[in-house]
Every structure is written in C-alpha cells, then in structure tokens.
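These are the residues of each chain, in order.
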Amino acid sequence: MNPETRAAAIIARAFNIQGEVPLDADMSTLPAWDSMNHVTLLVEIEAELGRPLRSEEVGGIDSVRSIARLLGSS
C-alpha cells in the first residue's frame, strides 16, 4: 500500500469514516477533523509507525499528504 493510501486509511480509521477519504483531504475539508479526533489520529499514526511522534512532526500533520510524507520517510 502506498503512503497516500495508508494515510487515508489511518484517517478513516481515526475518524470512523465509512468509505474512502480523498487523497487531497485536509483539516479544512473533513468536518470530523476536530481537536479531539486529531489526538486520536496522532495515536493511530504512532501505532502505524511503531514509535512516538516527535513534536516537530505533530505540528505538521494537517492533511492526507502530510501524513503520507511522514509515513514515506519512516
């Protein structure tokens, strides 16, 4: 699975979204992406990576693509 598809799947799981999350989705286009769900998303990303996120990584998580970049660099 490529990083973009993995990132979209993580978001869908974290936000309990049925169906596909668009690859161009971000904080402003997904109504479910609020502060509480953002924390859930961070936990899901950490589980996927198998390590804790660094503070500089957390600040950059705002879209499917930003998560994909993170997944691709791990």
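On a predicted model such as this, the values are computed, not experimentally measured, just so you know.

**Thoughts on the packing of helix 2 (residues 35-49) against helix 4 (residues 64-72)**
Part 1: Where helix 2 contacts helix 4, the two axes come as close as 11 Å, and the packing angle between them is 25°. Comparing their axes, helix 4 and helix 2 come out roughly parallel. Handedness of the crossing formed by helix 2 with helix 4: right-handed. Each of L41, I45, E48 and L49 in helix 2 lies in contact with helix 4, whose residues at this interface are I67, L70 and L71.

**Focus on the nonpolar core**
Part 1: In terms of nonpolar packing, the biggest core is built from 22 residues, with I11, V21, W33, L41, I45, I61 and I67 touching the most fellow members.
Part 2: When contributions to this core are tallied by element, the ones reaching two or more residues are helix 1 (3-15), helix 2 and helix 4.
Part 3: At seven residues, the largest contribution of residues to this core is made by helix 1.
Part 4: Filtering out sequence-adjacent residues up to four positions away, L41 remains in contact with I10, I11, A14, F15, W33, I61 and I67.

Calculation criteria
Residues numbered from 1 in each chain as written. Predicted model: local features only at pLDDT ≥ 70, side-chain atom pairs only at ≥ 80, totals over all residues. Heavy atoms only, no water. Axes fitted to C-alpha atoms, helices over the stretch in contact; angles between N-to-C directions. Helix = DSSP H or I, 4+ residues; strand = E, 2+ residues; numbered from the N terminus. Parallel < 35°, antiparallel > 145°, perpendicular 65-115°, else oblique. Left-handed = near helix turned anticlockwise from the far one by under 90°. Contact = heavy atoms within 4.5 Å. Core = buried A, V, L, I, M, F, W, Y, C linked by side-chain atoms within 4.5 Å. Buried < 20%, exposed > 50% of the residue type's maximum accessible area, 1.4 Å probe, protein only.

These results come straight from atomic positions and should not be treated as a statement about function.
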